[in-house]
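Residue-level structural notes
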Amino acid sequence: MATKKKKKKVAYECSACGAAHARWVGRCGTCGEWNSVDEAKAAPTQASKERSGGTSKARPLREVDLEDAERLPTGIGELDRALGGGPVRGGVILLGGDPGIGKSTLLMQALAALSQAGNEVLYVTGEESASQVALRARRLDAPGALDVHILATTELQDAENALIDGSPTVAVIDSIQTLRDSELSNAPGSVTQLRSVASRLIDLAKRRRIALFLIGHVTKDGTIAGPKVLEHLVDTVLAFEGDPTHAFRIVRANKNRFGPAQEIGIFEMAGVGLREVPDPSALFLAERPDATSGSVVAPIAEATRPMLVELQALVAPAAYGAPRRVVTGVDGNRLAILLAVLERRARMRILDRDVFASATGGVRATERALDLPLALAVVSSLKDVPMDPETVAFGEVGLAGEVRAVPRPGARIAEARKLGFRRIVLPKANANTLNPDEKEGVELIPVQALAGAIAKMF
Ligand code: TYD
Ligand code: MG
């Protein structure tokens, strides 16, 4: 009766995005990457066997023990803030960021602090040797750093054994891409490896209630290398951002099952590791030139804490050919739209000029509320007339040249007031919703259209 088993079907998978393909293709149709599709081998499903003993029963939420989410504050305030109060036991955090941004440094500092507080902690490194990590730990101004247990390995099984034998409460894997599951033949960093390594480590962390940090490499467009599934598997995704040529670093929670997303923590890279920056606005504005055209201060408020950033623009005659637009820290597409709106709706001759724009301090300022201040910075440079130095501006600009309301106007104004600013250019729709406390001590300049805002300011 036994029918011969059909020849095993080969599946293909993109190593960049994890999309499945029925046959080999040179370019992944899902993410557009070339030469990323390879034969996929199914990972053994041993983990799932171990996890469910088949004894779990559904129960009402009120009977669920809330102590399950036990937090371990690291004592590094800015990191705890980004995490919504600190890592959670049994929670897995993926930290992504450019090489050299300070991922290893940040997590070594966190482990040092947690160790100092009496926790058993483990640092697994597949990137550097144990002595390189020890050297860094000695450099840090962090008591407790030398009590951190270190394991230098690229074998998943070694890491698993250390997590089981050492029973740490907090562990760091640096990095997820360097570990390989020796039961699989794929190269380390391939989708199959990543998926297996990540799911086995996550499973272990959940069962043994380890707060686990996974460091992940990022691709050139800033997303975490490897399949998107990695981001789905973990509880929290942190991005470590910043211009490597500047000292400022921002940790941003892009996803957080245990706290608010988009919360940020701010650091400065110093000789003794990362230093917290509890009052970023003052630092971001410290080097602002006085009475120079092309500079406008704007409050950003993506996270729960608003911050002031300085936007700068420089408009210059285009030398040859197509005019250039070069941006750092601001959104280039947004700038292009704003220039077209300035030309068509505010009658500025700008489209044939070179325009350079930046947000100072290495911040990535891409919020829509920065449309109005960025446009004003461009006009200020074009006219070579400085903006009033005690004024900040915020508001979204629409294609018709209208200025639209943005979220959290009160918090933005409060931050500006705290830093000594006197006048606020803001969308009229926002100005109408403010209560008396929120507008106390500042002069509001409500605007409805970009052209009107320019007329009032210059
Ligand atoms: P690192 O944490 O190794 O970055 P990542 O793990 O994200 O690749 O940090 C790298 C940079 O930080 C390196 O160029 C040196 C610098 N650094 C300092 O400036 N001060 C310090 O105290 C330390 C430890 C590093
Ligand atoms: Mg590193």
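Residues numbered from 1 in each chain as written. Chains lettered and ligands numbered in written order. Predicted model: local features only at pLDDT ≥ 70, side-chain atom pairs only at ≥ 80, totals over all residues. Heavy atoms only, no water.

Some points on the site of ligand 1
Put simply, the rule is: We call a residue near a molecule or strand whenever a single non-hydrogen atom of that residue lies within 4 Å of it. Polar contact is the term for a pair of N or O atoms within 3.5 Å; when the atoms are in protein, one must be able to donate a hydrogen and the other to accept it, and sequence-neighboring residues count only if both atoms are side-chain atoms. A run of DSSP states H or I qualifies as a helix once it reaches four residues; a run of E qualifies as a strand once it reaches two. Both are numbered from the N-terminal end. Residues are grouped as follows: nonpolar covers Ala, Val, Leu, Ile, Met, Phe, Trp, Tyr, Cys and Pro; charged covers Asp, Glu, Lys and Arg; every other residue, Gly included, is treated as polar.
Around ligand 1 sit 16 residues, and of these Gly-100, Ser-104, Thr-105, Ala-270 and Gly-273 come closest. In this structure, Ile-101 approaches ligand 1 through a main-chain N or O atom, which is 3.4 Å from an oxygen atom. Taken together, the elements giving at least two residues each to the shell around ligand 1 come down to α3 (103-116), α4 (130-139) and β11 (264-270). Sort the elements by how many residues they give to the shell around ligand 1 and α3 lands first, with 3 residues. Of the residues that constitute the shell around ligand 1, the class distribution is 6 nonpolar, 6 polar and 4 charged.

Section: the packing of aromatic side chains
One pair of aromatic rings is described through two measures. These are the centre distance and the angle between the planes. The condition is simple: Centres within 6.5 Å are what make two rings of Phe, Tyr or Trp a pair, Trp counting through its six-membered ring; a difference in plane orientation under 30 degrees is then read as stacked, over 60 as edge-to-face, and the rest as tilted. Exposure is judged per residue with a 1.4 Å probe applied to protein chains only, and the accessible area is read against the type maximum: over 50% gives exposed, under 20% gives buried, and values in between give partly exposed. Consider the ring centre and the ring normal. A charge sits over the ring if Lys NZ or Arg CZ is within 6 Å of that centre and within 35 degrees of that normal.
Under the definition given, this model contains 1 aromatic pair. Taking 6.4 Å as the distance between ring centres and 80 degrees as the angle between the ring planes, the aromatic pair formed by Phe-240 and Phe-267 counts as edge-to-face. With Phe-240 in strand β9 (residues 236-241) and Phe-267 in strand β11, the pair connects residues that are 27 residues apart, well separated along the chain. This pair shows no difference in class: Phe-240 is buried, exactly as Phe-267 is. If you follow Arg-412 out to its NZ or CZ, it ends over the ring of Phe-394, 5.6 Å from the centre.

Quick word on the pattern of salt bridges
Here is the rule we go by: For salt bridges, the criterion is a side-chain nitrogen of Lys or Arg within 4 Å of an Asp or Glu carboxyl oxygen.
This model, assessed by the stated rule, comprises 22 salt bridges. The shortest N-O distance in the salt bridge between Asp-235 and Lys-206 comes to 2.6 Å. With Asp-235 in the loop between α7 (229-233) and β9 and Lys-206 in helix α6 (residues 191-208), this pair connects stretches of sequence that are 29 residues apart. The exposure class assigned to Lys-206 is partly exposed, which follows from its relative accessible area of 37%. A salt bridge links Arg-368 to Glu-396; the shortest N-O distance between them is 3.3 Å. Of the two residues, Arg-368 is situated in the loop between β16 (353-359) and α10 (371-383) and Glu-396 in strand β18 (residues 396-397); the sequence distance between them amounts to 28 residues. Ionic contacts of the salt-bridge type, sharing partners, join the residues Glu-160, Asp-181, Glu-183 and Arg-200 into one network.

Description of the pairing of strand β15 (residues 325-328)
In plain terms, the rule: One requirement defines pairing of two strands: DSSP has to find at least two bridges between them. Crossover handedness is defined here as right-handed if the route from the first strand over the helix to the second strand goes clockwise, with the strands pointing away from the viewer.
Of the pairings in the sheet, the one linking β15 to β16 comprises 4 bridges and is parallel in character. Paired with Arg-325 across the two strands is Val-355, which belongs to β16. For the crossover from β15 across helix α9 (residues 332-345) to β16, the handedness is left-handed.

Here's the deal with the nonpolar core
Cut-off, in case you're wondering: Take the buried Ala, Val, Leu, Ile, Met, Phe, Trp, Tyr and Cys residues and link them wherever side-chain atoms come within 4.5 Å; each set so joined is a nonpolar core. Throughout, the edges of the domains are those of an automatic or database domain assignment.
By size, the foremost hydrophobic cluster in this structure holds 48 residues, and its most contacted members are Leu-311, Leu-342, Leu-372, Leu-376, Val-378, Leu-450 and Ile-454. For this core, the leading source of residues is α10, giving 7 residues. When residues of this core are sorted by domain, at least three fall in each of domain 2 (70-278) and domain 3 (282-457). Ile-76, Leu-79, Leu-111 and Phe-240 belong to the second largest nonpolar core, which has 34 residues in total.

Things to note about the domain arrangement of the protein chain
The criterion, for reference: Every residue pair with non-hydrogen atoms within 4.5 Å of one another is taken to be in contact. Each of two parts loses accessible area, computed with a 1.4 Å probe, when they are put together; buried area is these two losses added.
Here the domain parsing of the protein chain yields domain 1 (10-40), domain 2 (70-278) and domain 3 (282-457). Computed from C-alpha coordinates alone, the two centres of domain 2 and domain 3 are separated by 36 Å. Contact residues are listed per partner, giving 17 residues for domain 2 and 11 residues for domain 3. Interface area, domain 2 with domain 3, both sides summed: about 1200 Å², of which 57% is carbon and sulfur. Counting every contact that joins domain 2 to domain 3 gives 0 salt bridges. Summed over the shared surface of domain 2 and domain 3, the number is 0 residue pairs in polar contact (both at pLDDT 80 or more).

Regarding the sheet that holds strand β3 (residues 37-40)
As summarised here, the arrangement of the 3 strands in space is β2-β1-β3, forming an open sheet in which the pairing is antiparallel. The sheet is open, and its two borders are formed by β2 (20-21) and β3, each paired with just one other strand. Two strands pair when backbone bridges link them, and strand β1 (residues 11-14) and β2 are joined in this way by 2 bridges, in the antiparallel orientation. Bridge pairing in β2 places Tyr-12 opposite His-21.

Structural notes on the sheet that holds strand β12 (residues 273-276)
Hydrogen bonding along the main chain pairs the strands of a sheet, whether they run parallel or antiparallel. How we decide: In this analysis an axis means a line fitted to C-alpha atoms, helices contributing only their contacting stretch, and an angle means the value between N-to-C directions, from 0 to 180 degrees.
Pairing is mixed in the open sheet, where 9 strands are placed in the order β6-β5-β7-β8-β4-β9-β10-β11-β12. The sheet terminates laterally at β6 (149-152) and β12, the two strands that pair on one side only. On average, each strand axis in the sheet is tilted by 25 degrees relative to the strand beside it, whichever way the strands run. In the sheet, strand β7 (residues 170-174) pairs with strand β8 (residues 211-216) via 5 bridges, with the strands oriented parallel. The partner of Ile-173 across the bridge, within β8, is Leu-214. Here α3 sits on the sheet in contact with β4 (92-97), β5 (121-125), β7, β8, β9, β10 (248-256), β11 and β12, set at roughly 160 degrees to β5.

Topic: the environment of Ala-130
Examined against the element boundaries, Ala-130 turns out to sit in helix α4. Between the C-alpha atoms of Ala-130 and Pro-73, which are 57 residues apart in sequence, the distance is 26 Å. Each residue touching Ala-130, except ones within four places of it in the same chain, is listed here: Ile-150 and Ala-152.

Here we look at the packing of helix α5 (residues 156-165) against α6
We count it as follows: Reported orientations rely on four angle classes, namely roughly parallel under 35 degrees, roughly antiparallel over 145, roughly perpendicular from 65 to 115, and oblique for the rest.
The geometry of α5 relative to α6 is characterised by a closest axis approach of 11 Å and an angle of 5 degrees between their N-to-C directions. As far as their axial angle goes, α6 and α5 are roughly parallel. Judged by residue contacts, Leu-156, Gln-157, Glu-160, Leu-163 and Ile-164 of α5 engage Val-197, Arg-200, Leu-201, Leu-204 and Arg-208 from α6. For the contact of α5 with α6, the class distribution of residues is 6 nonpolar, 1 polar and 3 charged.

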